[in-house]
Amino acid sequence: MVFLVALIVLTFALALLNLLLTYGIIRRLNLSHPALADVKPLLPDEDIGDFETATTRGKSLSGAQLRGTTTVGFFTPGCQPCEEKLPAFVEFAQVNIGNALAVIVANSSAEADPMVARTEKFADVVVEPYGGPVCSAFAITGTPVVMTLNERRVVQIGLPAKAA
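We now turn to the structure provided with this report. (Residues numbered from 1 in each chain as written. Predicted model: local features only at pLDDT ≥ 70, side-chain atom pairs only at ≥ 80, totals over all residues. Heavy atoms only, no water.)

### Structural notes on helix H3 (residues 80–95)
- Along H3, the largest kink reaches about 30 degrees and is centred on Leu86; proline Pro87 follows within four residues of it.
- By the burial criterion, the buried members of H3 are Cys82, Leu86, Phe89, Val90, Phe92 and Ala93.
- Looking at the packing, one finds that the buried side of H3 touches strand S3 (69–75), strand S4 (100–105), helix H4 (109–119) and strand S6 (145–150). (Bend = angle between axes of the 7 residues up to and from the residue. Helix = DSSP H or I, 4+ residues; strand = E, 2+ residues; numbered from the N terminus. Buried < 20%, exposed > 50% of the residue type's maximum accessible area, 1.4 Å probe, protein only. Contact = heavy atoms within 4.5 Å.)

Structural data, given as structure tokens:
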């Protein structure tokens, strides 16, 4: 009986330690990106913010230039969920050339090159770090995220069910 009580106390102590360490990690992450901690993600029927940037091909791009229906995908190199969702985005962009924007969230263009090569044929591509102009306009705090816009308004989160 003493052994069972000791085992329960030890299990409780380890669970409490795990909870405290998890809380500390989350708090530390929020402190390392204080600007991202207060960002609220965009929801359907909300407008994106203004931005000005350039694509990997040197084309000037701004929020005002997003006309009609545009699908925008945010992906990060080395992110497993991003690697899994990127092929579906590329397939969608192939069918809807000119109506897709891929934002590769990376600290260097060398890090982003493999993803850029996969998307650049079918979509406009922007490479920028978290907090860059496009990420800020779309309130992006994590990847992968895919949004469909009509003009500058979010219509849907995720890829449309069928390519048009």
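Having seen it, we continue.
### Examining the sheet that holds strand S7 (residues 153–157)
- One open sheet accounts for five strands, arranged S5-S4-S3-S6-S7; its pairing is mixed. Edge positions in the sheet fall to strand S5 (124–128) and S7, since each of these pairs with one other strand and no more. Ignoring strand direction, the axes of neighbouring strands in this sheet form an average angle of 25 degrees.
- Taken together, the six bridges between S3 and S6 define a ladder with antiparallel strand orientation. Following the sheet pairing, Thr71 is matched in S6 by Thr148.
- The strands touched by H3 within the sheet are S3, S4 and S6, with S3 carrying the most contacts at an inclination of about 155 degrees.
- Across the sheet, H4 is in contact with S3, S4 and S5; its angle to S5 comes to roughly 165 degrees. (Pairing = 2+ DSSP bridges. Axes fitted to C-alpha atoms, helices over the stretch in contact; angles between N-to-C directions.)

### Here's the deal with a nonpolar patch on the surface
- Among the surface-exposed residues, Met1, Phe3, Leu4, Val5, Leu7, Ile8 and Val9 lie close enough to one another that they form a single nonpolar patch of about 780 Å² accessible area.
- The residue Leu7 is located in helix H1 (residues 2–32) in this model. (Patch = residues over 30% accessible without salt bridge, like charges linked within 9 Å, V, L, I, M, F, W, Y side chains within 5 Å. Areas by Shrake-Rupley, 256 points an atom, 1.4 Å probe, with all protein chains shown as cover. Salt bridge = Lys/Arg side-chain N within 4 Å of Asp/Glu carboxyl O.)

### Looking at the pairing of S4
- Of all the six residues making up S4, six are buried; the element is thus mostly covered by neighbouring parts of the structure.
- In S4, alternate side chains face the same way, and those of Ala100, Ala102 and Ile104 on one face and Leu101, Val103 and Val105 on the other are all buried.
- One ladder, built from five bridges, connects S3 with S4; its direction is parallel. Each residue of the ladder has a partner; that of Phe74, found in S4, is Val103.
- As for the winding sense of the linkage, the β-α-β connection from S3 through H3 to S4 is right-handed.
- Bridge count for S4 against S5 is five bridges, and the pairing is parallel. Residue pairing across strands places Ile104 opposite Val127, the latter belonging to S5.
- Considered for its hand, the β-α-β crossover made up of S4, H4 and S5 is right-handed. (Right-handed = clockwise from strand over helix to strand, strands pointing away.)

### Some details on unusual backbone geometry
- For the bond running from Thr143 to Pro144, omega is 0 degrees, close enough to zero to count as cis.
- Positive phi values are uncommon outside glycine, yet Asp45 reaches one of about 75 degrees.
- Judged by its relative accessible area of 58%, Asp45 is exposed.
- Even without being a glycine, Ala139 presents a positive backbone phi close to 55 degrees.
- Structurally, Ala139 can be placed in the loop between helix H5 (133–137) and S6.

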